[in-house]
Amino acid sequence: MKEKIIEQLTAQGHPMSTQALGEKLGENVELAAKELLEEGRLVLTKRHKLALPEQAGLHYGKISGNAKGFAFFIPALPGKDHYLSPENQKGAMDGDWVWVRELPQGGAEVYSVVQRARKTLVGTYKEKDGVGFVQPDEKKISYSLFIEEKDRGGAKIGDKVVVEILRYPSDQEEMQGQITEVLGEQGEKGVDMLSIIRRLELPDKFPEAALKEAKSLSEPDQEEVQGREDWRKEQVITIDGADAKDLDDAVSVQRRGDGYLLGVHIADVSHYVRPGSALDKEAYRRGTSVYFPDRVLPMLPHELSDELCSLNPNEDKLTLSCIMEIDARGNVTDSRVVKTIIRTRHRMTYDDVNEILAGNKMLRGEYSDIVQMLGDMRALADILHQNRAKRGGIDFELSEAEITLDASGRAVAVEAKERGISERIIEEFMLLANETVARRAAGAALPFLYRVHEAPSADKLETLKDFLGTMGYGIRNLRSIRPMAIQQVLKRAAGTKEEAVISRVTLRSMMKARYDPECLGHFGLALEYYCHFTSPIRRYPDLVVHRMLKTLLEGKKDKRRSNMAEQAKHCSDREVAATEAERLADDIKKCEYMSAHLGEEETGIVSGVSQTGFFVELPNTIEGMVRIASIEDDFYISDEKNYRVVGRRTGRTFRLGDEVWVKAVTADIETGKIEFLLFSGGEKRQEKHAGRKTVQGRKRKLDKRRRK
């Protein structure tokens, strides 16, 4: 009936009363019309007639809030954004789906809220004149929640809490909530990270059914080993971060004349996690593991991620291996994917391998049985890297942060993470395995999840061209852009003071990589075929890929092609959520660190420009803003189009890539925002302190592993 109503209103082309609709359709339409109104698919006109929102001049889209109280309406269909003043939001909040009406004087006002983005909020419990309320952590939410005394859940002033929304804000009533969980006192160990977990609704506990399944699984018996290729006597090793526990990839290299035999051996998670099981449903819901400075939210329970599936040394492990024969030029001349069993010789760390390859005698003696293989690995990785550069693969040399926490969970050091040859070895081997597997899947027309990265849009390329022009770098052939053109710009910038800025802005101009059932290629890697195969312990798409490959190996036909698009979208969305959580966590910990270093002088690079000032990044990856209003020697104007801030009287300019001398004056741990103050005469001060190490602190090996 609801669809009949929609069809009738569309055919008539104008609003109709409930009675008129009923007469046209010959049925009672009141119940169906009421449901359509509640769903937001219909609206009621001033004359109490039913209308399609479009017939009433309304537009459908999403609210994007702002910390200052105003918001923007982002249309669902292509169209222009509209400004929403606080009074015209009508209780709508960031993320809500709404219908809006354009206003004659400009901007828009919310007509109705179709779907609320949030049922809960995380914030700080406060009181004023005996009245309790919660101030949300999400600064895009400008409303606070009134809390009745009976709904306070034992919260004390200053506690971080989770609030269920009982009543949304409107012109008549304030927002009201009920505290459902007290996370702990603000500043207490781990509460900041737990707040992010609750705010983004990330699962941090496994269902009992999944845990029961995990505990029931056991090491492979003889029957499970039969039929697998036995690599237990071969030199197979893992190379990971020192604190990593989920070891899902192992490697082996053998010299074959002028070429190599490369084995990439991946934990056979699909042997244990069966489709439709409780473990599988929970892994799919999570989509990926999430890495915080103080904890990991694994995709699978630790019985699998750290023990049964993890390729721990001197233990028999079931794997799915991609074996590649590679000639002296780095070309894969033959390959196969096969079910295997391995027994890794050593659990190597990136640092130890780097030291061995640098000639550390003690470590070379300790690991004498694999020194030759490590040398062969380096030689092969160098060839593969050169090939990637020749085809135009893009390398963004952006530093990641290493954050050191003390026993109380506070950040005591932040440093730029160094990448050595061992990290590059693993990266090249994993890239090649992913490409080889994707090529085989495409050739067999398997239902599959590819990792795709499309070419940048014309608008983004035009913006990038303008930016590079201001920095003295040209880029041509925008209409038929190739990865090689981007790579050449980054090569020219290598070693310059503006290298990091150019890499960052160029990266922002790229499309976001995602999962897709169609093989659309990977622009950044300059590859026609690519997928994620190497991390099934911590990424669900890799688990799907393993299952599809097994159907090929076993000669079966799989009919799951129909839901591949749904799985691709879900996994892409979960990856975005994980990335946001990890970024928020790092920002908060960086602020926590800087709060203990306010007033200290540092040199940094101008990394961004906004209407209110410019951003500065320190050598340790920490970024903060210098507000225009804080620069006292002139009246400065932001020139965002040309990525600079210019003094009106003196012409003094601060542009992307410029080196400046600053000190942190505020570090808001709740928001993760840092503000710097610019030193006048900073250039002279900079010369005086040339060579000074700006960041101190011991180096920590992160549990967070670099995504391949």
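Residues numbered from 1 in each chain as written. Predicted model: local features only at pLDDT ≥ 70, side-chain atom pairs only at ≥ 80, totals over all residues. Heavy atoms only, no water.

## Some points on empty space enclosed by the protein
Throughout the structure, instances matching the rule amount to 4 cavities of 30 Å³ or more. Its volume calculated, the largest cavity comes out at about 80 Å³. Lining the largest cavity, in full, are Leu 202, Pro 203, Arg 286, Thr 288, Val 290, Leu 297, Arg 574, Ala 577 and Ala 578. Per element, the largest residue contribution to the lining of the largest cavity is 3 residues, and it comes from helix H17 (residues 564-594). A per-class count over the lining of the largest cavity returns 6 nonpolar, 1 polar and 2 charged. Taken as a whole, the second largest cavity holds about 60 Å³ of empty space. (1 Å grid on protein atoms, 1.4 Å probe; cavity = no way out; pocket = protein on both sides within 12 Å on 5 of 7 lines; lining within 4 Å. Points joined across faces, edges and corners; volume = space filled by probe spheres on them. Helix = DSSP H or I, 4+ residues; strand = E, 2+ residues; numbered from the N terminus. Nonpolar A, V, L, I, M, F, W, Y, C, P; charged D, E, K, R; others polar.)

## Points about the confidence of the model for the chain
In this model, the chain carries an average pLDDT of 90, and 95% of its residues clear a pLDDT of 70 or more. Scored below 50 in pLDDT, residues 681-708 shows 80 contacts in the model against residues more than four places distant or in partner chains. (pLDDT = per-residue confidence, 0-100. Contact = heavy atoms within 4.5 Å.)

## Some thoughts on helix H4 (residues 191-199)
Within H4, 8 of the 9 residues are buried, which leaves the element mostly enclosed by the surrounding structure. Taken residue by residue, H4 has Val 191, Asp 192, Met 193, Leu 194, Ser 195, Ile 196, Ile 197 and Arg 198 as its buried positions. The elements touched by buried residues of H4 are strand S8 (120-128), strand S11 (159-167), strand S12 (176-185), strand S18 (296-297) and H17. With its phi angle positive at about 55°, Glu 201 sits one or two positions after the end of H4. (Buried < 20%, exposed > 50% of the residue type's maximum accessible area, 1.4 Å probe, protein only.)

## Some remarks on the pairing of strand S30 (residues 644-647)
Covered by surrounding structure in S30 are Val 645 and Gly 647 only, the residues Arg 644 and Val 646 on the alternate face being uncovered. Relative to S30, strand S29 (residues 636-639) runs antiparallel, the two being bridged by 4 bridges. Within S30, the position partnered with Ser 638 by the bridge is Val 645. Here S29 hands over to S30 after 4 residues, with Tyr 643 in that stretch at a positive phi of 55°. (Pairing = 2+ DSSP bridges.)

## Focus on the packing of aromatic side chains
Taken as a whole and judged by the stated rule, the model has 10 aromatic pairs. Plain terms: the ring middles of Phe 467 and Tyr 643 are 4.8 Å apart, the flat faces sit at 70° to each other, and that makes the pair edge-to-face. Note that Phe 467 is positioned in helix H13 (residues 458-470) and Tyr 643 in the loop between S29 and S30, a separation of 176 residues in sequence. Each member of the pair Phe 467 and Tyr 643 is classed as buried. (Phe/Tyr/Trp six-rings, centres within 6.5 Å; stacked < 30°, edge-to-face > 60°.)

## Quick notes on the pattern of salt bridges
A side chain of one charge can pair with a side chain of the opposite charge if their charged atoms are brought near each other. What the rule picks out here adds up to 51 salt bridges. We note a salt bridge from Glu 3 to Arg 41, for which the minimum N-O separation is 3.0 Å. Taken together, the positions of Glu 3 in helix H1 (residues 2-12) and Arg 41 in the loop between helix H3 (30-39) and strand S1 (43-44) put the pair 38 residues apart, joining distant regions of the chain. (Salt bridge = Lys/Arg side-chain N within 4 Å of Asp/Glu carboxyl O.)

## Details of the nonpolar core
Counting residues in hydrophobic clusters, the biggest one holds 81 residues, and the most contacted among them are Phe 429, Phe 448 and Phe 533. Considering each element in turn, this core owes the most residues, 9 residues, to helix H12 (residues 421-443). Excluding residues within four positions of it along the chain, Phe 429 makes contact with Val 251, Val 253, Leu 262, Val 264, Met 377, Leu 380, Ala 381 and Leu 384. Ile 394, Ile 481, Ala 667 and Leu 678 belong to the second largest nonpolar core, which has 48 residues in total. (Core = buried A, V, L, I, M, F, W, Y, C linked by side-chain atoms within 4.5 Å.)

## Here's the deal with the sheet that holds strand S33 (residues 673-678)
Two modes of strand pairing occur in sheets, parallel and antiparallel, and in both the strands are linked by backbone hydrogen bonds. Ordered in space as S26-S27-S28-S33-S32, the 5 strands form a closed barrel in which the pairing is mixed. Averaged over neighbouring strand pairs, the angle between their axes works out to 50° when direction is ignored. Pairing analysis gives 5 bridges linking strand S27 (residues 613-617) to strand S28 (residues 623-627), with the strands arranged antiparallel. Note that in S28 the partner of Gly 613 across the bridge is Arg 627. Here H17 sits on the sheet and contacts strand S32 (659-668) and S33; the angle it forms with S33, its principal contact strand, is near 45°. (Axes fitted to C-alpha atoms, helices over the stretch in contact; angles between N-to-C directions.)

## Thoughts on the sheet that holds strand S9 (residues 131-136)
With mixed pairing, the 5 strands of this closed barrel are ordered in space as S8-S9-S10-S12-S11. Neighbouring strand axes in the sheet, compared pairwise and without regard to direction, differ in orientation by 50° on average. Note that S8 and S9 share 6 bridges and pair antiparallel. Along S9, the bridge assignment pairs Lys 126 with Phe 133.

## Some words on the state of the cysteines
The final tally for this structure, using the stated rule, is 0 disulfides. No disulfide involves Cys 309; its nearest neighbouring cysteine sulfur is the one of Cys 571, lying 17 Å away. On the basis of relative accessibility, which here comes to 4%, the residue Cys 309 falls in the buried class. In this structure Cys 519 is not part of a disulfide, and its nearest cysteine sulfur, from Cys 531, lies 9.0 Å away. For Cys 519, a relative accessible area of 30% corresponds to the partly exposed category. (Disulfide = S-S within 2.5 Å.)

## Considering the packing of helix H14 (residues 483-493) against helix H15 (residues 499-509)
Relative orientation of the contacting elements H14 and H15 amounts to 160°, with a least axis distance of 9 Å. As far as their axial angle goes, H15 and H14 are roughly antiparallel. Our pair here, H14 against H15, has a crossing hand that is left-handed. Seen from H14, the contacting residues are Ile 486, Val 489, Leu 490 and Ala 493; seen from H15, they are Glu 499, Ile 502, Ser 503 and Thr 506. Classifying every residue of the contact of H14 with H15 by side-chain character gives 5 nonpolar, 2 polar and 1 charged. (Parallel < 35°, antiparallel > 145°, perpendicular 65-115°, else oblique. Left-handed = near helix turned anticlockwise from the far one by under 90°.)

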